[in-house]
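# Structure at a glance
For reference, the chains in residue letters:
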Amino acid sequence: MEKFLIGVVIFLTSVIQGIFGFAFVLVGMPLLSFFLNIKVAAPLLALFTVLITGIMTFRLKKKFDFKRVMPLFIGAVLGIPVGIFFLLKFSDNLIKSTLGVVLIVYSAYSLLIKRILCKLPRWTGYIFGFFAGALGGAFNTTGPPVVFYMSTQEWSKIEIVGSLNFFSL
């Protein structure tokens, strides 16, 4: 039964990724954590993330500018080891609680704030990239900081979706 549920979660989150252009891990990680240990769910989703985001990135390859995403990449490279350390050294309950807080804060932001009124400077991409890398290293959930940063930029929706998938890949 567990394998069937894993398949259902992977299928549903793949459909969500295909429709919205992101959220594969953002939705998949909490669902899988109901019946899998986070330390098993994170690497499992990482394998599928490469496949799903690879397909999406290929489809949207002309919709992003590498130079715009570079600060996020550099910050993420520095943040990933921090997230991996967190995953390896702390208890499953603390890790799940942290993931829950991140998801609640991001969900509240998404529901309450429709549009960011200020454009953040480009250098803040390094900071948001660092937090994305830390979340990615721990949970494969790089999306919230990256989406927040990209939503403060003057990019079209398709540029954001293309950049998100490229960053995630």
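The structure we're discussing is the one just above.
Report follows, based on the coordinates. This structure is a prediction, so every number in the text was calculated from the model and none was measured.

Parameters at a glance
Residues numbered from 1 in each chain as written. Predicted model: local features only at pLDDT ≥ 70, side-chain atom pairs only at ≥ 80, totals over all residues. Heavy atoms only, no water. Phe/Tyr/Trp six-rings, centres within 6.5 Å; stacked < 30°, edge-to-face > 60°. Helix = DSSP H or I, 4+ residues; strand = E, 2+ residues; numbered from the N terminus. Buried < 20%, exposed > 50% of the residue type's maximum accessible area, 1.4 Å probe, protein only. Expected span 1.5 Å × (residues − 1). Contact = heavy atoms within 4.5 Å. Core = buried A, V, L, I, M, F, W, Y, C linked by side-chain atoms within 4.5 Å. Salt bridge = Lys/Arg side-chain N within 4 Å of Asp/Glu carboxyl O. Patch = residues over 30% accessible without salt bridge, like charges linked within 9 Å, V, L, I, M, F, W, Y side chains within 5 Å. Areas by Shrake-Rupley, 256 points an atom, 1.4 Å probe, with all protein chains shown as cover. Bend = angle between axes of the 7 residues up to and from the residue. Polar contact = N/O pair within 3.5 Å; in protein donor to acceptor, adjacent residues only side chain to side chain. Axes fitted to C-alpha atoms, helices over the stretch in contact; angles between N-to-C directions. Left-handed = near helix turned anticlockwise from the far one by under 90°. Nonpolar A, V, L, I, M, F, W, Y, C, P; charged D, E, K, R; others polar. Parallel < 35°, antiparallel > 145°, perpendicular 65-115°, else oblique.

## Points about the packing of aromatic side chains
Applying the stated criterion across every chain yields a total of ten aromatic pairs. Look at Phe66 and Phe166: their rings are 5.7 Å apart centre to centre, the planes differ by 80 degrees, and that puts the pair in the edge-to-face class. One end of the pair, Phe66, is in helix H4 (residues 66–89); the other, Phe166, is in helix H8 (residues 157–168), and 100 residues separate them in sequence. For Phe66, a relative accessible area of 38% corresponds to the partly exposed category.

## Notes on H4
Counted at 1.5 Å a residue, the expected span for H4 with its 24 residues is 34 Å, and the 34 Å between its end C-alpha atoms agrees. Of the surrounding secondary structure, the elements contacted by the buried residues of H4 are helix H3 (38–59), helix H5 (92–112), helix H6 (124–139), helix H7 (143–151) and H8.

## What about the environment of Arg59?
Counting through the fold element by element, Arg59 comes out in helix H3. Each C-alpha atom, one on Arg59 and one on Asn165, is 9.9 Å from the other, the two residues being 106 residues apart in sequence.

## With respect to the nonpolar core
Side chains that are nonpolar tend, in soluble globular proteins, to be buried together. Of all hydrophobic cores here, the largest spans 39 residues; its most connected members are Met29, Leu72, Phe139 and Met150. Taken together, the elements giving at least two residues each to this core come down to helix H1 (2–20), helix H2 (24–32), H3, H4, H5, H6, H7 and H8. Residues within four places of Met150 in sequence aside, it is in contact with Leu72, Trp155, Ile160, Ser163 and Leu164.

## Quick notes on the pattern of salt bridges
For the structure shown, the criterion picks out one salt bridge. The partner of Glu159 in a salt bridge is Arg68, and the shortest N-O contact between them spans 3.3 Å. Highlighted residues: Glu159 in helix H8 and Arg68 in helix H4, separated in sequence by 91 residues. The partly exposed category is assigned to Glu159, whose relative accessible area is 26%.

## Looking at a nonpolar patch on the surface
On the surface, Met1, Phe4, Leu5, Val8, Phe11, Leu12, Val15, Ile19 and Phe20 cluster together into a nonpolar patch covering about 930 Å² of accessible area. On the secondary structure map, Ile19 appears in helix H1. Of the residues examined, Ile19 reaches a relative accessible area of 59% and is grouped as exposed.

## Here's the deal with H3
With 22 residues, H3 ought to run about 32 Å at 1.5 Å a step, and its terminal C-alpha atoms sit 30 Å apart, in line with that. Within H3, the axis deviates most sharply at Phe48, by approximately 25 degrees. When we look at burial in H3, the residues that qualify are Ile38, Ala41, Ala42, Leu45, Thr49, Ile52, Thr53, Met56 and Thr57. Taken together, the buried residues of H3 touch H1, H2, H4, H5, H6 and H8. Put simply, Asn37 is the residue that caps the front of H3, since its side-chain oxygen is 2.7 Å from the backbone nitrogen of Lys39.

## Focus: the packing of H4 against H6
Their axes nearest at 5 Å, the elements H4 and H6 cross at an angle of 35 degrees. Both H4 and H6 take part in a crossing whose hand is right-handed. Class assignment of the residues belonging to the contact of H4 with H6 gives a composition of 16 nonpolar, seven polar and no charged.

## Some points on the packing of H6 against H7
Where H6 meets H7, the axes come as close as 7 Å, and the angle between the chain directions of the two elements is 160 degrees. Relative to H7, H6 is oriented roughly antiparallel. Contacts between H6 and H7 pair Thr124, Gly125, Phe128, Phe131, Ala132 and Leu135 from the former with Pro145, Val146, Phe148 and Tyr149 from the latter.

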